[in-house]
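Spelled out, the chains give:
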Amino acid sequence: DEANGPPQTLGDRSLESLAHYIKDAPAWRIVVMCGAGISTAAGIPDFRSPGTGLYDNLARLNLPYAEAVFDIEYFRKHPEPFYYLAKELYPGKFHPTISHAFIALLAKKGRLLMNFTQNIDCLERRAGVPADKIVEAHGSFATQRCIECRTPFPDDDMLDHVQREVVPRCKDRSCGGLVKPDIVFFGEALPSAFRDASHLPAMADLVIVMGTSLSVYPFAGLPEYAQPHVPRLLLNKERVGRMGYRPDDVLELGPCDAGIRRLAALLGWSEELEALWRGV
Ligand code: APR
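Keep in mind it's a predicted model, so treat the numbers as computed, not measured. (Residues numbered from 1 in each chain as written. Predicted model: local features only at pLDDT ≥ 70, side-chain atom pairs only at ≥ 80, totals over all residues. Heavy atoms only, no water.)

### Some points on helix H1 (residues 15–24)
What counts here: Residue exposure (1.4 Å probe, protein chains only): buried if accessible area is under 20% of the type maximum, exposed if over 50%, otherwise partly exposed. Helix and strand definitions here come from DSSP, where helices need a minimum of 4 consecutive H or I residues and strands a minimum of 2 consecutive E residues; each element is numbered from the N-terminal end. The contact definition used throughout considers only heavy atoms, calling two residues in contact when any of these lie within 4.5 Å.
Burial in H1 covers these residues: Leu15, Ser17, Leu18, Ala19, Tyr21 and Ile22. Where the residues of H1 are buried, they touch strand S6 (206–210), strand S7 (232–236), strand S8 (249–253) and helix H8 (256–267).

### Description of the site of the ligand
The test is simple: If even one non-hydrogen atom of a residue comes within 4 Å of a molecule or strand, that residue is called near it. Think of a polar contact as two N or O atoms within 3.5 Å of one another; within protein, one of them needs to be a possible hydrogen donor and the other a possible acceptor, and neighboring residues in sequence only count if both atoms come from side chains. Method for areas: the Shrake-Rupley scheme with a 1.4 Å probe, in which residue coverage is limited to the protein chains shown. Definitions used throughout: a 1 Å grid over protein atoms alone; a cavity as a set of points that fits a 1.4 Å probe which cannot get out; a pocket as an open set with protein on both sides within 12 Å along at least five of seven lines; a lining residue as one with an atom within 4 Å of a point. Think of it this way: if more than half of a molecule's atoms are within 2 Å of a pocket's grid points, that molecule is in the pocket or cavity.
Near the ligand you find 23 residues, and of these Arg48, Tyr55, Thr212, Ser213 and Glu238 are the closest. For the ligand, a nitrogen atom lies 3.1 Å from a polar atom in the side chain of threonine 40. With respect to the ligand, the backbone of glutamine 118 contributes an N or O atom lying 3.3 Å from an oxygen atom. Protein contacts shield 94% of the accessible area of the ligand, which totals 730 Å² for the unbound molecule. According to the grid-proximity analysis, the pocket containing the ligand is the largest pocket.

### Observations regarding the UniProt feature "binding site: Zn(2+)" (unreviewed entry) in the protein
How we decide: UniProt positions are given in the numbering used here, feature names are shortened, and annotations may be inferred rather than shown by experiment.
UniProt feature "binding site: Zn(2+)" (unreviewed entry): in the numbering of this structure it lies at Cys146, Cys149, Cys170 and Cys175. Spanning 30 residues, the named residues nonetheless gather at one spot, since no C-alpha pair among them exceeds 8.8 Å. Checked against the lining of the second largest pocket, the annotated residues just named reduce to Cys146. Here cysteine 149 lies in the loop between strand S4 (139–146) and helix H6 (155–163).

Right, here's the structure in full:
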């Protein structure tokens, strides 16, 4: 803040100096941007990890190409592959990871300006991140509606259809359109909540990017909106996007849960983090 003058540069781009920055600056307006990599430890495959990613494991669905499973035009003609996948991915049987718990801890400490997520598993909500601090940029399984007339479809009825692998149809007989969860498919617009929050990364005093390949725009462009002097931390198995190009970028490459535990230890937040995680 102005009172403390511009934050000192991190210099050595280490997690240690970033921890000092968080404790001494202190970082009160942290923006977290995350993807499927923070949920793999919960048992939900990501999309693009070679071998284990979803896109490498959809062969049995005879898709013309992997991402067709989330393409609105393909869904209109062949909704079955998505509903096969929906049964595997449907929220309810997965537990938040320590990485989700860390985001909830930031919110609990009043330091989370916003958590932008690409994930549709609702694990940020399950971990206790307040709803007004989450932007589900690619929607989620939380609600569903007819893709033709937009009539909402009842939640319990949806769960029943997914579990029985029956493709749900619009309740309005005269419509009979296909029902789809409010997940953003390729070819669909992002929720207005994404656009309404897109000014926030420029207000951040720290950006944390976790578990994403930064391969799908416009989400992938978010880290670039951070002001030039603001530190950006990447917690990911591999270097992605343009992370690491700025002098105050910190790259903590490897499993994000390990990076999070290392950061929490440096911050003296380990006890609190583990207790919060056990309680979700
Ligand atoms: N710890 C750290 N990084 C991990 C871990 C882990 N445990 N597991 C996977 N990763 C990394 C992978 O190395 C990869 O860089 O997370 C990233 C996951 O990338 P993707 O599978 O592409 O997932 P994501 O970035 O969320 O995909 C973006 O693509 O298909 C669309 O809409 C879909 O929201 C999704 C979007």
